[in-house]
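# Observations on the model geometry
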Amino acid sequence: MCGIVGYVGNKENCVRVLIDGLEKLEYRGYDSAGIAFLNNDNIDVVKEKGKIVNLKSKIDLNINSNLGIGHTRWATHGNATKENAHPHKVGAITVVHNGIVENYNELKKDLINKGYVFNSETDTEVVAALIDYIYKKEKDMLKTIQKVKELLTGSYALGIICDDNLDTLYTLKNKSPLIIGVNENENYIASDVPAILDKTRNYIVLEDKDYASIKSDGVKIYHDGKEKDFEVKEFLYDANSVDKQGYEHFMLKEMNEQPEVFKNTTTPYLKNGIDSLIEKMPDFTKYERIRIVACGSATHAGLVGKCMIEKYANVEVMVETASEFRYKKQFLKNDELVIVVSQSGETADTLEALLIAKQNGNDTLGIVNAKGSTIARESKMVLYTEAGQEIAVATTKAYSAQVALLSLIALNLSCKKNLIDKKEMLDILRDVKKLPDYIEELLNRRDEYKKIAEEIKDYNDVFFIGRGVDYALAQEGSLKLKEISYTHSEAYAAGELKHGTISLIEDKTPVIAVITDDDIALKTISNVKEVKSRGANVICITNKNLSNDSNLYDKKIVIPKVNDLFEPLLTVIPLQMIAYELAKLKECSIDKPRNLAKSVTVE
Ligand code: M6R
């Protein structure tokens with residue numbers, strides 16, 4: 001979580017670069033922000049509670065400066081206060097930090113004994129003091145950073161300024177992402193490329209335990225005391241993706257990109273029918289079973305993938321939450337493929353799950369959206385989702401791209417194992433062509449979603465039910481709703497209701513029932529009748545021709561019927577849109593919901 005940005009150079013106004021960069025990184029954390037910059041031979045620190053706009057109002061954007069670091073915070077150690085906001089300056093050293101230093105308490109005690117006084121509750125101020133203490137002895141920043149690295153445990157991406165070297169920006173990173181943006185006569189650091197995309201597209205990815213000294217005219221990267229070579233990459237995303245392009249929210253823009261994202265994700269694999277599907281994917285037939293590990297919506301995409309891979313390819317799939325997986329007995333088998341799914345490619349728990357699978361000797365596949373991210377680099381095989389940059393904290397288009405890619409894996413395996421007949425394959429290829437239009441048509445039915453939002457806005461609890469793949473989708477619908485509209489909701493396997501939860505159903509309790517799966521629809525319909533007869537206000541999302549029976553439901557959203565393989569990409573649209581319209585009605589902060597951040601780089 002947290003976003004960091006830094007600048008050294010002679011071309012730009014540093015203060016503006018820092019504020020612009022923080023605004024672009026605000027999706028990573030937004031409970032406080034701050035910058036430190038060179039102003040007439042001194043390092044000035046300005047910080048403020050709340051969003052970047054509060055900080056901006058406290059700063060003269062025209063100050064002439066050519067060195068600085070900035071930070072947007074998602075609190076881990078200590079409340080979201082101005083005192084705890086970064087940067088932290090101790091003695092000659094000013095620091096911004098993303099990550100969690102696990103041994104900060106021991107270090108703090110030691111530093112207090114050495115005479116340091118702390119003004120915040122953060123681990124970052126401890127890091128600043130530690131660097132200052134060692135620097136006083138070493139009088140050399142590179143030697144200091146090398147020593148500090150040995151003393152810190154946990155995750156950290158650090159931007160560091162030393163009062164004695166006011167032409168240099170220093171960095172050190174471990175387990176938290178950090179890139180260096182390079183340009184003529186100026187260089188940058190950032191948690192993520194979008195922060196600096198309007199300045200440069202060329203960047204260097206730092207490896208764990210790398211540290212760097214960065215001046216306006218050059219970058220030097222070190223590892224274990226030795227300078228190392230590095231590769232300058234080019235960022236290939238469309239710069240427009242970090243702009244709302246006229247939409248009221250990033251989330252709305254990103255939902256509306258789903259037709260295009262579906263095309264971009266599927267076309268490379270299907271443009272020459274089965275041939276490209278086989279050619280473009282690794283051979284998965286050697287695995288006896290598949291374990292999908294992820295967090296949040298990526299886990300929900302994994303649950304849809306499980307349904308598809310089991311149904312079409314007859315391979316057992318287990319789906320696990322990464323934060324649980326990493327601390328339990330994993331029982332990984334040798335012939336098991338571990339698939340990790342992540343939009344950001346930086347989620348700490350998912351990354352750790354991947355490393356456990358690698359250590360165990362399993363083959364790993366990363367399904368990742370952010371190109372070159374840590375999970376993409378660490379996975380043995382990578383398939384990229386082509387969703388482009390996703391800014392809204394609530395994932396929509398990246399989730400859809402994950403579902404599409406997992407469905408393609410199911411189809412690939414099914415073809416290789418000769419489990420799919422020619423007719424069904426032709427049906428699927430025909431549907432793939434129609435799907436973008438169907439998605440668009442569903443996105444445009446905003447009046448229907450608004451009406452549903454109106455109906456549920458005064459209720460404290462909303463239930464989502466479904467069976468099979470519809471249960472997986474219900475879980476995603478429920479997460480979307482609570483994440484952005486702050487309305488409590490739960491998703492239940494429809495058959496489970498009568499084992500407890502149905503006691504919560506009262507007159508007009510909203511129940512959103514997902515009914516698309518042919519194999520099990522009749523069973524879900526009988527569960528719908530059970531809640532309806534207990535007074536629930538039932539909204540069905542279905543591709544079935546349900547009779548107009550008011551004893552069954554109150555409202556329905558009918559989605560087009562396509563082959564089951566890609567049907568979830570249609571079903572999820574009303575679920576996303578209902579959450580969006582409800583959040584809008586309740587005037588919630590849609591793109592940046594409270595307490596959340598886009599990249600969860602702490603466990
Ligand atoms: O970047 P990742 O896909 O690894 O993120 C996983 C979850 O944090 C993420 O899907 C989260 O649940 C979303 N905010 C939900 O909309």
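Summarised in this report is the structure supplied together with it. Note that the structure is a prediction, hence the values are computed from the model and not measured.

Conventions and cut-offs
Residues numbered from 1 in each chain as written. Predicted model: local features only at pLDDT ≥ 70, side-chain atom pairs only at ≥ 80, totals over all residues. Heavy atoms only, no water. Helix = DSSP H or I, 4+ residues; strand = E, 2+ residues; numbered from the N terminus. Rg over C-alpha atoms; globule rule 2.2 N^0.38 Å. Buried < 20%, exposed > 50% of the residue type's maximum accessible area, 1.4 Å probe, protein only. 1 Å grid on protein atoms, 1.4 Å probe; cavity = no way out; pocket = protein on both sides within 12 Å on 5 of 7 lines; lining within 4 Å. Points joined across faces, edges and corners; volume = space filled by probe spheres on them. Nonpolar A, V, L, I, M, F, W, Y, C, P; charged D, E, K, R; others polar.

### Digging into the overall build of the chain
Assigned secondary structure in the chain consists of 18 helices and 25 strands. Taking 2.2 N^0.38 as the reference for a compact globule, 603 residues should give roughly 25 Å; the C-alpha atoms of the chain span a radius of gyration of 25 Å, in line with that estimate. Across its three principal directions, the C-alpha atoms of the chain cover 80 × 50 × 45 Å. Sorting the 603 residues of the chain into buried and exposed places 60% on the buried side.

### Some remarks on empty space enclosed by the protein
Per the stated rule, a full pass over the model turns up three cavities of 30 Å³ or more. There is about 350 Å³ of room inside the largest cavity. Residue lining of the largest cavity: 29 residues in total, with Asp 192, Ser 344, Glu 346, Ala 370 and Ser 373 positioned closest to the centre. Looking at the lining of the largest cavity, the elements with two or more residues in it are strand S11 (202-205) and helix H12 (374-378). Per-class residue counts for the lining of the largest cavity are eleven nonpolar, ten polar and eight charged. The space that makes up the second largest cavity amounts to roughly 60 Å³. In terms of lining residues, the second largest cavity is bounded by Cys 2, Arg 73, Trp 74, Thr 76, His 77, His 86, His 97, Asn 98, Gly 99, Thr 122, Asp 123 and Thr 124. Elements represented by at least two residues in the lining of the second largest cavity include exactly strand S6 (93-101) and helix H4 (123-138). Considering every element that reaches the lining of the second largest cavity, the biggest residue donor is S6, with three residues.

Keep in mind these numbers describe shape, not what the thing actually does.
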